[in-house]
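One letter stands for each residue in the lines below.
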Amino acid sequence: MSAASTGTGFVGFGSRVVSLPLDDIDTDQIIPARFLTTTTKTDLARTLFADWRTGPDGKARADFPLDTPAALGAEVLVAGRNFGCGSSREHAVWALASSGFRAIVALSFADIFRANALKNGLLPIQVDRDFHTELLRAAALDASMVVAVDLEAQSLRLPGGTAASFPIDPFAKRCLLRGVDELGLLLSYMPLIEAHEAARR
C-alpha cells in the first residue's frame, strides 16, 4: 500500500475534484490490458484511461477531463455507479494512485476493486445519489472548488458545509490510518506476540 511505503497513515486532506460521472467504468478502461506487463506500482500515470485520452488520430485529447488545466493536481476523482468493474487487476488502482489520486467518489464500487483500493492506500468513497448530484453540480459551477476528505470521521464535505458519510470496513480503516497493509499491521504486534510466546515457554 502506498501509505505503508512512506510509513505515514492516511490523513484528512482537501482537494479539487475531477468529474468523470460515467457508470460501469471497468478496469480495462482504467488501464488497458496491454499495459499489464509491469509489476511495479510507479510510473503508470501515462496508462490511466489511455484509450479515452487519445482521439482516432492517436493524438491526445485536450478536452478529456483528466487533461484539462482545472484537473492539474486534483486528488479526488468523481465517477458514477459500479466503478472498477470487470477483471480483477490491481494495476487499475496503481494507475490511479500513480496519477496522484487519493480518493475515488462513486455511487458504488465493484467489490474486488474496492478491496484492491483499500489495500493500496486509495480511498473508495461511496455516496448516495443526492449528494453525488450536488457534488457534480458544485464542481461544474466552480472548477476550483475544494472538498474535504476525513477518513477518521468517514466524511466528505463540500465548501458550503454539505457533507456525506461513507462506509468503510473497520479493519481497512485501521490499516489506512496507521499507514500499513495487513502484514504490516500484524508485524506491528510482533513484540506482543513474542512476549506471549516467551510467557508460554
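Just so we're clear, the structure is a prediction, and the values are computed from it rather than from any experiment.

Participant: What exactly am I supposed to notice about the overall build of the chain here?
Facilitator: Tallying secondary structure elements over the chain gives eight helices and eight strands in all. Against the 2.2 N^0.38 benchmark of 17 Å for 201 residues, the chain shows a C-alpha radius of gyration of 18 Å, consistent with a compact globule. Principal axes of the C-alpha set define a box for the chain whose edges measure 70 × 45 × 25 Å. Here the chain holds 201 residues, and 41% of them are scored as buried. Within the chain, counting contacts between residues at least 6 apart in sequence, those at least 24 apart form 66% of the total. Taken as a whole, the chain presents about 10,200 Å² of accessible surface, with 55% of it coming from carbon and sulfur. Side-chain charges in the chain split into 20 positive and 23 negative, and the spacing between the mean points of these groups amounts to 3 Å.

Participant: Is there a simple way to explain the pattern of salt bridges in this structure?
Facilitator: Any two side chains of opposite charge can pair, so long as their charged atoms come close to each other. Taken as a whole and judged by the stated rule, the model has seven salt bridges. Among the salt bridges present, the one from Asp-24 reaches Arg-81, with a minimum N-O distance of 3.3 Å. With a gap of 57 residues between them, Asp-24 in the loop between strand 2 (17-19) and helix 2 (27-30) and Arg-81 in the loop between strand 3 (76-78) and helix 3 (90-98) connect regions that are remote in the sequence.

Participant: Honestly, the sheet that holds strand 1 (residues 13-15) in this entry has me stumped. Any pointers?
Facilitator: One key point about sheets: their strands pair by backbone hydrogen bonds, in either a parallel or an antiparallel sense. Pairing is antiparallel across the open sheet formed by four strands, whose spatial order is 1-6-7-8. Sheet topology places strand 1 and strand 8 (163-165) at the edges, where each strand pairs with a single neighbour. Recorded for the sheet is a direction-independent mean angle of 20° between the axes of neighbouring strands.

Participant: What should I look at first to understand the environment of Leu-141 in this one?
Facilitator: Here Leu-141 shows up in helix 5 (residues 129-141). Looking at Leu-141, the relative accessible area reads 65%, which means it is exposed.

Participant: Could you clarify how one ought to interpret unusual backbone geometry in this entry?
Facilitator: Excluding glycine, residues mostly carry a negative phi; peptide bonds, for their part, are mostly trans. Of note in this structure, Asp-24 is not a glycine but carries a positive phi near 60°. Classification of Asp-24 by relative accessible area gives partly exposed; the value is 31%. Phi at Gln-154 is positive, roughly 55°, even though this residue is not glycine. As for its placement among the helices and strands, Gln-154 is situated in the loop between strand 6 (147-150) and strand 7 (155-157).

Participant: When you look at the nonpolar core in this model, what are you seeing that I'm missing?
Facilitator: A general feature of soluble globular proteins is that nonpolar side chains tend to end up buried together. One finds Ile-30, Phe-49, Leu-77, Phe-83, Leu-96, Phe-101 and Phe-113 to be the most contacted residues of the largest nonpolar core, which totals 31 residues. Per-element accounting of this core gives the leading share, five residues, to helix 3. Setting aside its immediate chain neighbours within four residues, Phe-113 contacts Ile-30, Phe-83, Gly-84, Ala-92, Val-93, Leu-96 and Leu-122. If you look at the next biggest cluster of nonpolar residues, it comprises 26 residues, including Val-76, Val-105, Ile-125 and Leu-151.

Participant: Would you mind going over the environment of Thr-54 with me for this structure?
Facilitator: Structurally, the position occupied by Thr-54 is in the loop between helix 2 and strand 3. Along the backbone, Thr-54 and Arg-89 are 35 residues apart, and their C-alpha atoms lie at a distance of 22 Å. In this structure Thr-54 touches Lys-59, Ala-60 and Arg-61, once residues within four positions along its chain are discounted.

Participant: Can you walk me through helix 6 (residues 170-178) in this structure?
Facilitator: Along an α-helix, residues three or four positions apart point the same way, because every turn accommodates 3.6 residues. By the burial criterion, the buried members of helix 6 are Ala-172, Lys-173, Cys-175 and Leu-176. Looking down the long axis of helix 6, one finds its buried residues gathered within 165° of arc, a one-sided arrangement. Two to three positions downstream of the cap, the backbone nitrogen of Phe-171 sits 3.1 Å from a side-chain oxygen, assigning the N-cap of helix 6 to Asp-169.

Quick notes on the rules
- Residues numbered from 1 in each chain as written.
- Predicted model: local features only at pLDDT ≥ 70, side-chain atom pairs only at ≥ 80, totals over all residues.
- Heavy atoms only, no water.
- Helix = DSSP H or I, 4+ residues; strand = E, 2+ residues; numbered from the N terminus.
- Rg over C-alpha atoms; globule rule 2.2 N^0.38 Å.
- Buried < 20%, exposed > 50% of the residue type's maximum accessible area, 1.4 Å probe, protein only.
- Contact = heavy atoms within 4.5 Å.
- Areas by Shrake-Rupley, 256 points an atom, 1.4 Å probe, with all protein chains shown as cover.
- Lys, Arg positive; Asp, Glu negative; His and termini not counted.
- Charge placed at Lys NZ, Arg CZ, Asp CG, Glu CD.
- Salt bridge = Lys/Arg side-chain N within 4 Å of Asp/Glu carboxyl O.
- Pairing = 2+ DSSP bridges.
- Axes fitted to C-alpha atoms, helices over the stretch in contact; angles between N-to-C directions.
- Core = buried A, V, L, I, M, F, W, Y, C linked by side-chain atoms within 4.5 Å.
- Arc of directions from axis to C-beta.
- Polar contact = N/O pair within 3.5 Å; in protein donor to acceptor, adjacent residues only side chain to side chain.

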